[in-house]
Amino acid sequence: MGFYSILKKLKEKEKEVRILILGLDNAGKTTLVKKFNGDDIDEVSPTLGFSIKTLEHRGFRLNVWDVGGQKSLRSYWRNYFEATDGLVWVVDSADQRRLSDCKQEFGQLLVEERLAGASLLVFANKQDLPGALDAGQISAALELDNVKTHHSRIFGCSAVTGLNLLEGIDWLIDDIASRVFSAD
Amino acid sequence: MSNSQPARNNKPKSSSSNQRQDGSSLLDQVDFIGDEDDIDIQSHAPVSLFDEAIGHIEDIMVEDAFQELQNSFFSNYSHLFSESEENQLEYTNIHAEYVATLERHLETELSQRIEDFSMERFAHELTERKDQLEGEVFEMLFTITDFVAFKEAMLDYKRAATGEAVDVSMDLVVVPLTPRDAEMTSPSASLSLRGTGSTNKKPR
Amino acid sequence: MSTPSTSTTDSRLAEMTAKMTAREAEIRRRIEELRACRAEGKSEAEQYTAFEAAFDAERLAIVEDMEALESVKTAAISTVEINNSLAAINDKIACLQRYHSDSVGFLPAYVSASAKAKVEELANKLADLRERVVPKKKFAFSSAASSNRNPKQQQPQQQPQKQQQQTQQPKVEPTLHNLTGKTVVLSDESVANKDILLSDLADCTIKVLSHPATLHLNGLTNCTILCGPVHRSVLIEKCTDFTLVVACHQLRLHCSTRCKLYLHVTSTPIIEYSNDVLIAPYNFNYANLSDHVTLSGLNWHRNQWDQVQDFNHLAGHVASPNWSIMPEADRLNWEE
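Because the structure is a prediction, the values reported are computed rather than measured. (Residues numbered from 1 in each chain as written. Chains lettered and ligands numbered in written order. Predicted model: local features only at pLDDT ≥ 70, side-chain atom pairs only at ≥ 80, totals over all residues. Heavy atoms only, no water.)

As for the side chain of Arg-74 of chain A
All names here are of chain A.
Then, number 1: Of note, Arg-74 is situated in the loop between β3 (60–67) and β4 (86–92).
Then, number 2: Polar contacts involving the side chain of Arg-74 include one to the main-chain carbonyl oxygen of Gly-69, which spans 2.9 Å.
Then, number 3: What Arg-74 contacts, discounting residues up to four positions off in sequence, is Leu-24, Asp-25, Gly-69, Arg-98 and Glu-105. (Helix = DSSP H or I, 4+ residues; strand = E, 2+ residues; numbered from the N terminus. Polar contact = N/O pair within 3.5 Å; in protein donor to acceptor, adjacent residues only side chain to side chain. Contact = heavy atoms within 4.5 Å.)

Below, the structure written as structure tokens:
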């Protein structure tokens with residue numbers, strides 16, 4: 001570990017939280033971030049690279065990293081693991097066909113050493129679609145109950161309507177805060 | 001150069017340990033003598049590696065070699081950067097290389113200035129003193145590791161190089177319009193100003 | 001081994017449902033009360049006392065829900081019912097948490113911290129409960145979309161919202177699967193606002209004269225798909241020798257070859273591991289098109305059909321050889 005990465009870690013103490021948003025393509029990651037930030041979501045294009053949004057929420061400074069989910073981008077995800085406090089895994093709940101892909105990619109993240117300390121929020125997105133599985137079903141599909149490596153929680157949500165976004169992010173911040181900033 | 005000295009003096013004074021109090025008073029004397037690199041005096045004084053290294057880092061970062069290193073990096077890569085909100089994946093690699101390059105440079109320079117310098121030991125001391133990492137030098141170091149700041153600097157450089165109009169951004173609003181004064185501030189601000197100068201766009 | 005009679009089960013369920021509905025109304029009333037109290041400018045102390053009262057009442061209600069669920073677990077109700085109840089309880093915990101985070105501003109730190117701990121305790125309890133009451137059956141991935149694995153009976157449900165959702169199972173509803181040489185027209189209400197999945201079709205023509213929510217195409221060979229405006233996204237995978245005419249918000253094409261796409265797409269279409277892709281502007285015309293455009297909410301003035309991004313040619317800054325604009329002379333006119 002280099003000197004800069006140590007420095008970076010030390011500086012990230014001031015109620016600054018790094019959140020990494022991942023999931024298969026078409027899961028709704030960018031829409032979710034935009035909606036949470038109050039941006040227009042009508043013209044969200046598929047993400048070709050990554051975006052960073054800095055949001056102020058409840059006195060925390062959230063650095064939200066949104067990385068594209070296309071198959072050819074997934075091998076790059078690992079470049080963004082470092083110093084992540086919270087991992088948000090976004091699932092297209094209406095895409096049952098790729099749920100097994102989703103589970104497989106998710107499983108690979110869980111064993112990532114550099115994500116070991118991160119709180120894990122799963123968003124079962126697109127609950128506004130008629131074909132969506134609910135949070136319980138997504139949880140079962142991902143076998144979330146068996147996840148012992150991370151503090152985790154699942155929320156059914158809709159990035160389009162905004163349903164449960166705040167609840168999910170609030171849980172994530174609370175969980176991170178109780179670990180990282182407990183000294184305050 | 002003159003900027004760095006008060007900052008260095010402040011550092012050890014803020015410490016509560018006796019050892020470092022001694023160190024700081026000695027350092028004060030050294031500064032009165034006005035010699036930057038008087039290793040003889042420092043080496044037998046009980047100054048910690050931390051204080052010594054920080055002092056040197058401040059010097060290194062304002063030296064031409066460091067600035068040139070940064071500038072050549074910007075000139076090599078800035079054409080790849082675009083204003084769009086979304087970033088290309090290759091930016092991450094470029095930033096990683098930038099951090100590694102500057103770190104190598106720092107380490108080489110520190111090794112020449114401090115006998116038996118060890119980056120591991122210094123990094124370890126940093127973690128020990130994480131509550132004391134306040135001040136300009138740490139802000140500058142931290143900025144290097146910050147991707148968003150890096151991208152902004154790249155874009156500033158690109159705008160300056162291509163003479164494009166510059167957005168009225170925060171740093172420009174507070175920078176005085178006379179370029180001579182601006183040259184004293186951060187490198188990126190002065191670069192931006194050259195950009196504005198050429199298009200004659202005035203901040204608000 | 002005796003199973004309880006159906007009537008007992010029904011009455012228990014009815015009882016639970018009624019209880020939950022009543023409580024739902026009660027908590028709304030309490031929240032309103034609290035809001036009113038805040039609006040009237042009562043002192044902070046009064047506000048947080050009211051918060052504590054409402055919070056605790058709801059917390060106890062959730063605990064009761066959990067106890068109730070545990071007491072009927074013995075094979076008396078179906079897995080679907082159990083999952084519904086668990087989901088309902090989960091929602092309530094989320095609601096309680098939101099209530100707490102909404103109120104953080106005027107709560108003393110210790111009240112806030114204790115409320116937070118209580119929410120966590122509830123979440124843990126629920127996780128334990130789920131562990132105990134849900135049968136250890138793994139979720140099956142195979143034939144997820146097409147098989148009729150839904151053991152649903154017409155039973156009363158706790159929440160109207162849930163009910164609507166549950167009746168959609170099996171979820172990807174308007175599905176065409178494993179057809180050869182057919183022409184199928186899907187129109188209006190049957191597919192409006194629904195998620196359409198077309199998979200493993202050969203030599204078929206499918207016309208969707210409606211405005212579905214999403215469209216997924218998988219494993220199509222030598223097919224023509226004509227579709228009205230899709231509210232959200234279109235996802236295409238493993239298709240060859242096919243023509244798609246569609247309007248949508250986002251479009252992603254994966255692992256496909258020899259495709260002709262006539263598009264109205266409001267964001268940039270993307271392709272990945274695909275080649276021989278020809279792109280043209282959307283030109284499907286049918287009777288209700290303009291109504292469907294309105295219903296879909298698509299921006300009809302923004303069409304990025306020719307701004308294709310190829311994931312296999314991102315960094316090169318060189319045009320991708322995998323797609324091109326279809327010459328105008330080659331474009332067909334698509335009518336109903």
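Some points on the confidence of the model for chain A
Then, number 1: The share of residues in chain A with pLDDT of 70 or more is 90%, and the mean pLDDT across the chain is 90.
Then, number 2: Taking the mean pLDDT of every element in chain A, the minimum, 64, falls on helix α1 (residues 3–11) of chain A and the maximum, 98, on β4 of chain A. (pLDDT = per-residue confidence, 0-100.)

A closer look at the pattern of salt bridges
Then, number 1: Per the stated rule, a full pass over the model turns up 25 salt bridges over all chains.
Then, number 2: The shortest N-O distance in the salt bridge between Lys-53 of chain A and Glu-85 of chain B comes to 2.5 Å. You can see Lys-53 of chain A sitting in strand β2 (residues 50–57) and its partner Glu-85 of chain B sitting in the loop between α5 (64–77) and α6 (89–113), one on each of two chains.
Then, number 3: Given the relative accessible area of 14%, Lys-53 of chain A is considered buried.
Then, number 4: Among the residues examined, Glu-85 of chain B registers a relative accessible area of 43% and is labelled partly exposed.
Then, number 5: Note that Lys-118 of chain C is salt-bridged to Asp-56 of chain C, the shortest N-O span being 3.6 Å. (Salt bridge = Lys/Arg side-chain N within 4 Å of Asp/Glu carboxyl O. Buried < 20%, exposed > 50% of the residue type's maximum accessible area, 1.4 Å probe, protein only.)

Some remarks on the interface of chain A and chain C
Then, number 1: Contacts between the two partners involve 47 residues from chain A, matched on the other side by 49 residues from chain C.
Then, number 2: Summed over both partners, the interface of chain A with chain C comes to about 4,400 Å²; 49% of that surface belongs to carbon and sulfur atoms.
Then, number 3: A per-residue breakdown of the area chain A buries against chain C is headed by Gln-96, Arg-97 and Pro-130 of chain A, which together make up 15% of the total.
Then, number 4: Our count for the chain A to chain C interface comes out at 15 residue pairs in polar contact (both at pLDDT 80 or more).
Then, number 5: Per element, the largest residue contribution to the side of chain A that touches chain C is 5 residues, and it comes from helix α5 (residues 165–180) of chain A. (Buried area = accessible area lost by both parts, 1.4 Å probe.)

A few points about the environment of Gly-156 of chain A
Residues and elements named next belong to chain A.
Then, number 1: Relative to the elements of secondary structure, Gly-156 occurs in strand β6 (residues 152–156).
Then, number 2: The spacing of Gly-156 and Asp-134 is 22 residues in sequence and 6.3 Å in space, taken between C-alpha atoms.
Then, number 3: Once residues within four sequence positions are removed from consideration, Gly-156 is found in contact with Ala-124, Gln-127, Ala-135, Leu-163 and Asn-164.

Regarding α5 of chain A
A turn of α-helix holds 3.6 residues, and therefore any two residues three or four places apart point the same way.
Residues and elements named next belong to chain A.
Then, number 1: With 16 residues, α5 extends 22 Å between its outermost C-alpha atoms, agreeing within 8% with the 22 Å of an ideal straight helix rising 1.5 Å per residue.
Then, number 2: For α5, the tally of buried residues reaches 12 of 16 residues, placing the bulk of the element in the interior.
Then, number 3: Every buried residue of α5 is accounted for by Leu-165, Glu-167, Gly-168, Ile-169, Asp-170, Trp-171, Leu-172, Ile-173, Asp-174, Asp-175, Ile-176 and Ala-177. (Expected span 1.5 Å × (residues − 1).)

Thoughts on the UniProt feature "binding site: Mg(2+)" (unreviewed entry) in chain A
Residue and element names in this part refer to chain A.
Then, number 1: Under the local residue numbering, the UniProt record ascribes the feature "binding site: Mg(2+)" (unreviewed entry) to Thr-30 and Thr-47. A compact arrangement is adopted by the annotated residues: their sequence extent is 18 residues, whereas the largest C-alpha distance between any two is 7.4 Å.
Then, number 2: Its place among the elements puts Thr-30 in helix α2 (residues 29–36).
Then, number 3: Among all residues touching Thr-30, those that are not within four sequence positions of it are Val-44, Thr-47 and Asp-66.
Then, number 4: Here Thr-47 lies in the loop between α2 and β2.
Then, number 5: Owing to a relative accessible area of 7%, Thr-47 belongs among the buried residues under this scheme.
Then, number 6: A polar contact of 2.7 Å, which involves the side chain of Thr-47, links it to the side chain of Thr-30. (UniProt positions renumbered as here; feature names shortened; annotations may be inferred.)

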